Amino acid sequence: MAETLYHFINGERTAGDSGRFGDVFNPATGEVSGNLPYASPADVDQAVQSGLAAQPAWEATASPRRAAVIFKFRELVIQNMDKIAELVGREHGKTIEDAKGSIQRGIDVTEFACGIPHLLKGELSTNVGGGIDTFSMREAVGVVGGITPFNFPVMIPCWMGVMAIACGNAFINKPSERDPSAPLFLAELWKEAGLPDGIWNVVNGDKDAVNALIQHPDVPAISFVGSTLVGEHVYQSGTALNKRVQAFCGAKNHLIVMPDADMDQTVDALMGSGYGSAGERCMAVSVAVPVGKDTADELVKRLEPRVRSLKIGPYNDPAADMGPLITAEAKKRVEGYIDQGVEAGADLVVDGRGTALQGYENGNFVGGTLFDRVTTDMSIYKDEIFGPVLSVARANDFDAAVEMVNGHEYANGVAIFTRDGDAARAFTDQVDVGMIGVNVPIPVPMAFHHFGGSKRSKFGDTQMHGPQSINFFTKMKTISGRWPSGIREGAQFTMPTNR
Ligand code: NAD
């Protein structure tokens, strides 16, 4: 029986008034598991109004007291880890252990946000001239929107939302319509943690809800994570309305294999980063770039049996390395890319098309796929496939590998595997990519550092989490004051200076 889902507005579950609904599926079985209301602009407005009503008092709450609520939320997430991982697995399809890892990354940001009293400390200069002290202070932006993708339904709402509310804002999450149950449960946990109603709302739905958030005059800031075309639309339409927008988008992440790399370590790294979560990660490695023919031949020889023996299964199979793709359309799209790779002349070393699992015949499974001799003009190289497809694109030398990385329109993450410090240093200097790993395949920075790509993988100036998130979720005021105030300088008609 499909579960009836809801929006979470002002501390209450509501079906809203749009009359529009969509199905949520279990990707392993193809069965409908939920019936989700899609918000209308009026539903979005209701969420904004509840945020507007609650936000001033929340911002006025002393930051250590806000931190205490966030700390309580952290405890509740830890206590409910199994339940949340089950919700993620059932609707997303990733394995339980993978889901738990991603939830932990959300907890990491929550722990960082518990330090909000320290993070909000301003700047002070005493006696900048004539007994005047100057200090800066940060204020919340107001009611902020957070539009999140299907692939991390807990981690990404936490990345943006926890920092937003820590800074004293109200947050409206518009999660992916593919897997809304875990983000809805987070809102319930916030209520239990003592967060005032209206500070963390969830509106469900599709582009109508997103566009209503962007266009709402009382939502001055939008944080977005998702695909590049949608992110670009959100960024352009939000900034055209003079809003603050940050959009973290699609990717094609390369892993360079130098001839001196530890091959065992490199192959392990490629297996996990290429096929973990069925390749549905913005930091998944989808292109391996071995440098030199010998390196390439050795790499493909070692990868082939490992890819063939990948264990595919539903989220609750403890032996599974990876689960199904999110939707039947995603399976069709990924298999279509494999067709295109074959037609373009790449060597299909392992073919994941037509994978069917006994008992899960209607699941969206695609097996691990490996291409060799992929070239930069092929669609399987240029596009983000977002599936378990690893392309080997051979490079003659280090410079050609760097040129390949820098020639791609996406620039989220990249890695180099080598034992040579000089090569690693030259690589980190020369590549124009946001997050770089040296013998680290998925260089997702910890919560106290910044996350973000460059080029068409990110629109906007600020990074996700880390101290820069404070810049995004606050406005700065700078105050110059003089005490005692009785100093008389007479009327001054020239520009005041301290000279
Ligand atoms: P998506 O762009 O389809 O959806 C993201 C959000 O936008 C969802 O909430 C969705 O409802 C909404 N949306 C979809 N179409 C829309 C439209 N036409 N107008 C307005 N809103 C719309 O992305 P997805 O498929 O959920 O997630 C996968 C994508 O997200 C991949 O491209 C992946 O690389 C990217 N991603 C990027 C990062 C990062 O940090 N760079 C992290 C995770 C995922």
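Since this is a predicted model, take the numbers as computed values, not measurements. (Residues numbered from 1 in each chain as written. Predicted model: local features only at pLDDT ≥ 70, side-chain atom pairs only at ≥ 80, totals over all residues. Heavy atoms only, no water.)

Novice: Account for the sheet that holds strand 19 (residues 413-417), with residues named and values stated.
Specialist: What holds strands together in a sheet is hydrogen bonding between their backbones, with the strands either parallel or antiparallel. Here we have seven strands laid out as an open sheet, ordered 15-16-17-14-13-19-20, and mixed in their pairing. Of all strands in the sheet, those with a lone pairing partner are strand 15 (347-350) and strand 20 (435-438), marking the two edges. When the angles between neighbouring strand axes are averaged without regard to direction, this sheet yields 20°. Here five bridges tie strand 13 (residues 253-257) to strand 14 (residues 285-290), and the two strands are oriented parallel to one another. If you follow Leu-255 over to strand 14, its bridge partner there is Ala-288. Along the sheet face, helix 14 (residues 398-407) touches strand 13, strand 14 and strand 19 and points at about 175° away from the line of strand 13. (Pairing = 2+ DSSP bridges. Helix = DSSP H or I, 4+ residues; strand = E, 2+ residues; numbered from the N terminus. Axes fitted to C-alpha atoms, helices over the stretch in contact; angles between N-to-C directions. Contact = heavy atoms within 4.5 Å.)

Novice: Break down the environment of Ser-223 for me, citing the residues and quoting the values.
Specialist: Within the secondary structure, Ser-223 sits in strand 11 (residues 221-225). For Ser-223, a relative accessible area of 1% translates into the label buried. Sequence separation of Ser-223 and Ala-424 is 201 residues, and the distance between their C-alpha atoms is 33 Å. Ser-223 has contacts with Gly-145, Gly-146, Ile-147, Met-160, Gln-246, Met-464, Phe-472 and Phe-473, leaving out every residue within four places of it along the chain. A distance of 2.8 Å separates the side chain of Ser-223 from the side chain of Gln-246, its partner in a polar contact. (Buried < 20%, exposed > 50% of the residue type's maximum accessible area, 1.4 Å probe, protein only. Polar contact = N/O pair within 3.5 Å; in protein donor to acceptor, adjacent residues only side chain to side chain.)

Novice: So what about the packing of aromatic side chains? Which residues, and what values?
Specialist: For the structure on display, the rule yields nine aromatic pairs. Seen in terms of ring centroids, Phe-472 and Phe-473 are 5.1 Å apart; in terms of plane orientation they differ by 85°. Their pairing is edge-to-face. Neither residue differs from the other here; Phe-472 and Phe-473 are each classed as buried. Feature note: the residues Phe-73, Phe-171, Trp-190 and Trp-200 constitute an aromatic cluster, connected by ring pairs. (Phe/Tyr/Trp six-rings, centres within 6.5 Å; stacked < 30°, edge-to-face > 60°.)

Novice: Please provide a residue-by-residue account of the packing of helix 3 (residues 81-92) against helix 4 (residues 96-113), values included.
Specialist: Where helix 3 meets helix 4, the axes come as close as 9 Å, and the angle between the chain directions of the two elements is 115°. Crossing geometry of helix 3 relative to helix 4 is assigned as right-handed. Contacts from Met-81, Asp-82, Ile-84, Ala-85, Glu-86 and Val-88 of helix 3 reach helix 4 at Ile-96, Ala-99, Lys-100, Ile-103, Gln-104 and Ile-107. Per-class residue counts for the contact of helix 3 with helix 4 are eight nonpolar, one polar and three charged. (Left-handed = near helix turned anticlockwise from the far one by under 90°. Nonpolar A, V, L, I, M, F, W, Y, C, P; charged D, E, K, R; others polar.)

Novice: Explain the domain arrangement of the chain to me, using residue names and the numbers behind them.
Specialist: Each assigned domain of the chain is listed here: domain 1 (3-249 + 457-479) and domain 2 (253-438). Inter-centroid distance (C-alpha atoms) of domain 1 to domain 2 is 31 Å. In this complex, domain 1 contributes 20 residues to the contact, which on the side of domain 2 involves 24 residues. Between domain 1 and domain 2, roughly 1900 Å² of surface is buried when both sides are summed, and carbon and sulfur atoms account for 58% of that area. (Domains from an automatic or database assignment. Buried area = accessible area lost by both parts, 1.4 Å probe.)

Novice: Hey, could you go over the site of the ligand for me, with residue numbers and the actual values?
Specialist: Close contacts around the ligand come from 25 residues, with Lys-174, Glu-177, Ser-227, Cys-249 and Glu-384 the closest. Interatomic distance of 2.8 Å between a backbone N/O atom of Thr-148 and an oxygen atom of the ligand. Ser-227 places a polar side-chain atom, nitrogen or oxygen, 2.6 Å from an oxygen atom of the ligand. If the ligand stood free it would expose 840 Å²; the protein chains cover 86% of that surface. One can see that the ligand is located within the largest pocket. At the level of elements, helix 8 (207-215) and strand 11 are the ones that each hand at least two residues to the shell around the ligand. Across the shell around the ligand, the residue classes tally to 14 nonpolar, seven polar and four charged. Residues lining the shell around the ligand come from more than one domain, with at least three contributed by each of domain 1 (3-249 + 457-479) and domain 2 (253-438). (Near = heavy atom within 4 Å. Areas by Shrake-Rupley, 256 points an atom, 1.4 Å probe, with all protein chains shown as cover. 1 Å grid on protein atoms, 1.4 Å probe; cavity = no way out; pocket = protein on both sides within 12 Å on 5 of 7 lines; lining within 4 Å. Sits in = over half its atoms within 2 Å of the grid points.)

Novice: Residues and numbers for the side chain of Ser-457, please.
Specialist: Of note, Ser-457 is situated in the loop between strand 21 (454-455) and strand 22 (458-459). The class of Ser-457 is buried, set by a relative accessible area of 0%. At 2.7 Å, the side chain of Ser-457 forms a polar contact with the backbone oxygen of Gly-250. Apart from the residues within four sequence positions on either side, Ser-457 is in contact with Ala-247, Phe-248, Cys-249, Gly-250, Ala-251, Tyr-410, Ala-411 and Asn-412.

Novice: Tell me what's going on with the packing of helix 3 against helix 7 (residues 181-193), and back it up with residues and numbers.
Specialist: The N-to-C vectors of helix 3 and helix 7 enclose an angle of 155°; their axes lie 8 Å apart at closest approach. In terms of axis orientation, helix 3 runs roughly antiparallel to helix 7. Contacts between helix 3 and helix 7 involve Lys-83, Ile-84, Leu-87, Val-88 and Glu-91 from the former and Ser-181, Ala-182, Phe-185 and Leu-189 from the latter. Split by residue class, the contact of helix 3 with helix 7 holds six nonpolar, one polar and two charged. (Parallel < 35°, antiparallel > 145°, perpendicular 65-115°, else oblique.)

Novice: Now, about the sheet that holds strand 1 (residues 3-4): what can you tell me, with residues and values included?
Specialist: The three strands lie next to each other as 1-5-4, forming an open sheet whose pairing is mixed. The outermost strands of the open sheet, each flanked by one partner alone, are strand 1 and strand 4 (21-25). In terms of strand pairing, strand 1 meets strand 5 (residues 32-37) through two bridges, oriented parallel. Across the sheet, residue Thr-4 finds its bridge partner in strand 5, namely Asn-35.

Novice: An account of the layout of surface pockets is requested, with residue identities and associated values reported.
Specialist: Taken as a whole, the largest pocket spans an internal volume of roughly 1200 Å³. For the lining of the largest pocket, the secondary structure elements donating two or more residues are helix 8, strand 11, helix 9 (228-240) and helix 12 (328-344). Here the lining of the largest pocket is built from residues that sort into 20 nonpolar, 11 polar and 12 charged. When its volume is computed, the second largest pocket comes out at roughly 260 Å³. Among the elements of the structure, helix 4 and helix 6 (155-166) are those that each provide at least two residues to the lining of the second largest pocket. (Points joined across faces, edges and corners; volume = space filled by probe spheres on them.)

Novice: I'd love a proper account of the confidence of the model for the chain, names of residues and values included.
Specialist: Summary statistics for the chain give a mean pLDDT of 97 and a share of 100% for residues scoring 70 or more. Of all helices and strands in the chain, the one with the weakest mean pLDDT is strand 6 (residues 124-129) (94), whereas strand 9 (residues 170-174) scores best (99). (pLDDT = per-residue confidence, 0-100.)

Novice: Quick one: what's the story with helix 2 (residues 63-79), residue by residue and with numbers?
Specialist: The terminal C-alpha atoms of helix 2 lie 24 Å apart, and with 17 residues this matches the ideal 24 Å at 1.5 Å per residue to within 8%. Of all the residues in helix 2, the buried ones are Ser-63, Arg-66, Ala-67, Val-69, Ile-70, Phe-73, Leu-76 and Val-77. Looking at the buried side of helix 2, the elements it contacts are helix 1 (41-60), helix 3, helix 4, helix 5 (116-119), helix 6 and helix 7. (Expected span 1.5 Å × (residues − 1).)

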